[in-house]
Structure formats: structure tokens, C-alpha cells
Amino acid sequence: MNFYAAQDNAKKKTKYLVLLYVLILIVLTFLSTLVLMLVLPMVTGQSLATNFWQTLFTEQNLPTLLWVGVFVIGGALISSFVKSRHLAKGGAVIAAALGGSKLSPNSSNINERKALNVVEEMAIASGMPVPEVFVLRQESAINAFAAGQTPQDAVIGLTQGCIDKLSRTQLQGVVGHEFSHILNGDMRLNLRIIMLLHGIEFIALLGRIMTSSQRNSRSSSRSKGKGNGAIILAGIALRVIGWFGILFGNMLQAAVSRQREFLADASSFQFTRD
């Protein structure tokens, strides 16, 4: 197999999947806006126009449509921003939060020296700065990860089992795989996808707020009751839209992740030539 062709194929598929992800978000936003536009007349005590679809994009309804759309998009963006602030931490912070301890460059332990040397070799092979190495000492399973958004703040995490049980050649393959995630911006891509998914979750959250608030309301007015019923129906519709959005979002996130793993394997072969 030509590993350059494998890399190009994985990158191309990733672009298509991310584009599909954004299109789904746009469609969900449009559907949510329509649901809110349907419920607004009933909440204000007006009757729903029989020619709703013909009048939806008229000059009279356009300002309301734009404001509702801005509300949905703004809520999704704010939700995504809050999530990004929570996740946008340096690689060392994330590795430490997972229980990792920084491996000292002066370590005299044979296996730790092997790991440090392999990380330096892969840094040279990939043309990147040498990242810090963290070890999860309580983990006997074989595993590894890369954390951080840029090569400058990225770290490599290795379990104790990975250091102790793998040969030097095997460890090169694992570390080369993780270096690909850093080099190809996979961590930053994953962060952006999580942000988009969190934006989709805002739609479902809005639906939950609408249904729960109206269930707790005890108004006895007939007109008010009609408005409450409309809000509950709109809330249920938004929850369904959000649920499908999260479902498809998670499926696409897994598909993107799968392609980036293929890319990391092909890149590891490039770095190790093994």
C-alpha cells in the first residue's frame, strides 16, 4: 500500500464528513427555527395562518424569522463556546487530569529511557518539537494518547503497561501513531467537532426547558392553556430534532475519528518505515 495515498484518502474523507456535519447543523437550525415560528402566534394568542408556508418568508414575517434564527444560532454558538473553554486546555493539564505524571528527561529507568528516546526519534522523523511525555503509572493495559491543540502545547501520554510490555519497535509504531494526531491537527479537529455537537445539544436543551417549564405551570386560563400546550408541543418537537441531531452527530464524529485513525496508521508507517 502507498502510505501517501492512504493519507490523502483519509484526509479527503474527513473533509466530506466534516462538511456533512456542518450541513446537518444548518438543517437542524432551520427546522428548529420553523418550530419556534409555528408556536409564536399561539403563544401570543393569535391563530395560526392557514397559508403559513406562503407567508413565512414574506416581508412582514422576515424580521421575526431572522430574530428566531439568530436566537437559535446564537444559543448554539454560546453553548459551543462554553464547551470549548472547558476543553481548550494545554496538553499537560489534560494529561495530569487523566492521572499522568511527567516523565523526567533524566530518568535512569531502562524502560523510561526507551520511551523518551523513541519520542525523540519520532519527533525528528515527523519534523516536530519534542513533546513532554506523561506516564499513567496505575494503568497496566497497553494504551497511549496525544493531548493538546498545537505541536507547541502537545504531550504524549503512555500507560505503564505500554512502556513495560512493548518492544522498542512496537513502541515506535504506537508513538508514531500519536505523533500523527499532533501533526495533522486531529486534537484540534476533534475539539471543533465536539463544539458543533454541543451546539446541536442546545436544541434538545431548549426543548427540555420548554416542556419542563410548562408542565410546572398551573395556569387555568383557557387562552393561556392553549399557549402552554403549544409550547409543550414545540418543546417536544425540539427535543426530537435535537435527539436525531445528536444521534447523527455522534455517528459522524465516530466516522471522522475512524478516518483519522487510518491516517495516523499510515503516518506512523511514514515515520518509522516499518
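Rules and cut-offs
Residues numbered from 1 in each chain as written. Predicted model: local features only at pLDDT ≥ 70, side-chain atom pairs only at ≥ 80, totals over all residues. Heavy atoms only, no water. Helix = DSSP H or I, 4+ residues; strand = E, 2+ residues; numbered from the N terminus. Buried < 20%, exposed > 50% of the residue type's maximum accessible area, 1.4 Å probe, protein only. Contact = heavy atoms within 4.5 Å. Areas by Shrake-Rupley, 256 points an atom, 1.4 Å probe, with all protein chains shown as cover. Salt bridge = Lys/Arg side-chain N within 4 Å of Asp/Glu carboxyl O. pLDDT = per-residue confidence, 0-100. Expected span 1.5 Å × (residues − 1). Pairing = 2+ DSSP bridges.

**Q** Please clarify how the overall build of the protein chain should be interpreted in this entry.
**A** Of regular secondary structure, the protein chain possesses 9 helices and 4 strands. Across the protein chain, helices and strands are ordered from the amino to the carboxyl terminus as α-α-α-α-β-α-β-β-β-α-α-α-α. With 274 residues in all, the protein chain has 42% of them scored as buried. Sequence-distant contacts in the protein chain: of pairs separated by 6 or more residues, those separated by 24 or more amount to 75%. Accessible surface for the protein chain amounts to roughly 15,200 Å². Of this, 61% is attributable to carbon and sulfur atoms.

**Q** I would appreciate a short explanation of the pattern of salt bridges in the present structure.
**A** Oppositely charged side chains can form a pair if their charged atoms are brought close together. Scanning all chains against the criterion turns up 4 salt bridges. For Glu132, the salt bridge is made with Lys102, and the minimal N-O distance between the two is 2.9 Å. In this pair, Glu132 sits in strand E2 (residues 132–136) while Lys102 sits in strand E1 (residues 101–102), placing the two residues 30 residues apart along the sequence. When its relative accessible area of 34% is taken as the criterion, Glu132 is described as partly exposed.

**Q** Looking at this model, I keep getting lost on the confidence of the model for the protein chain. Mind explaining?
**A** Here the protein chain averages 82 in pLDDT, and 84% of its residues register 70 or above. Across residues 218–223, confidence stays below pLDDT 50; counting only partners more than four residues off in sequence or on other chains, it has 2 contacts.

**Q** Mind showing me how you'd approach helix H7 (residues 168–183) here?
**A** In an α-helix, one full turn covers 3.6 residues, which means residues spaced three or four apart are oriented alike. When the terminal C-alpha atoms of H7 are compared, their 22 Å separation across 16 residues agrees well with the 22 Å that a helix rising 1.5 Å per residue should span. Every buried residue of H7 is accounted for by Leu171, Gln172, Val175, Gly176, His177, Glu178, Phe179, Ser180, His181 and Ile182. One or two steps after H7, the chain reaches Gly185, where phi turns positive at roughly 70°.

**Q** So what exactly am I meant to see when it comes to the pairing of strand E3 (residues 144–147) here?
**A** Neither face of E3 is exposed, since Ala144 and Ala146 on one face and Phe145 and Ala147 on the opposite face are all buried. Relative to strand E4 (residues 155–159), E3 runs antiparallel, the two sharing 4 bridges. When the sheet's bridge partners are listed, Ala144 is paired in E4 with Leu158.

**Q** In this structure, what is going on with the sheet that holds E3? I would like to understand it.
**A** One key point about sheets: their strands pair by backbone hydrogen bonds, in either a parallel or an antiparallel sense. In space, the 4 strands of this open sheet follow the order E1-E2-E4-E3, with mixed pairing throughout. Every interior strand has two partners, whereas the edge strands, E1 and E3, have only one.

**Q** So what exactly am I meant to see when it comes to the pairing of E4 here?
**A** Along any regular strand the residues' side chains alternate between the sheet's two faces. When you tally the buried positions in E4, you get 5 out of 5 residues, the bulk of the element. Alternating residues of E4 divide into Val155, Gly157 and Thr159 and Ile156 and Leu158, and every residue in both groups is buried. Judged from the 5 bridges that link them, E2 and E4 form a sheet pairing that is parallel. Along E4, the bridge assignment pairs Phe134 with Gly157.

**Q** Got a minute to help me understand unusual backbone geometry in this structure?
**A** Of all residues except glycine, most have a negative phi; of all peptide bonds, most are trans. One non-glycine residue with positive phi stands out, namely Arg273, at about 55°. For Arg273, the position within the fold is in the segment after helix H9 (222–272).

**Q** What's the story with the environment of Gln152 in this structure? I'm lost.
**A** For Gln152, the position within the fold is in the loop between E3 and E4. The exposed category is assigned to Gln152, whose relative accessible area is 65%. When the C-alpha atoms of Gln152 and Pro131 are compared, they prove to be 7.6 Å apart, with 21 residues separating the residues in sequence.

**Q** What exactly am I supposed to notice about the side chain of Gln160 here?
**A** Examined against the element boundaries, Gln160 turns out to sit in helix H6 (residues 160–165). The contacts of Gln160, once residues within four sequence positions are left out, are Val135, Leu136, Arg137 and Glu139.

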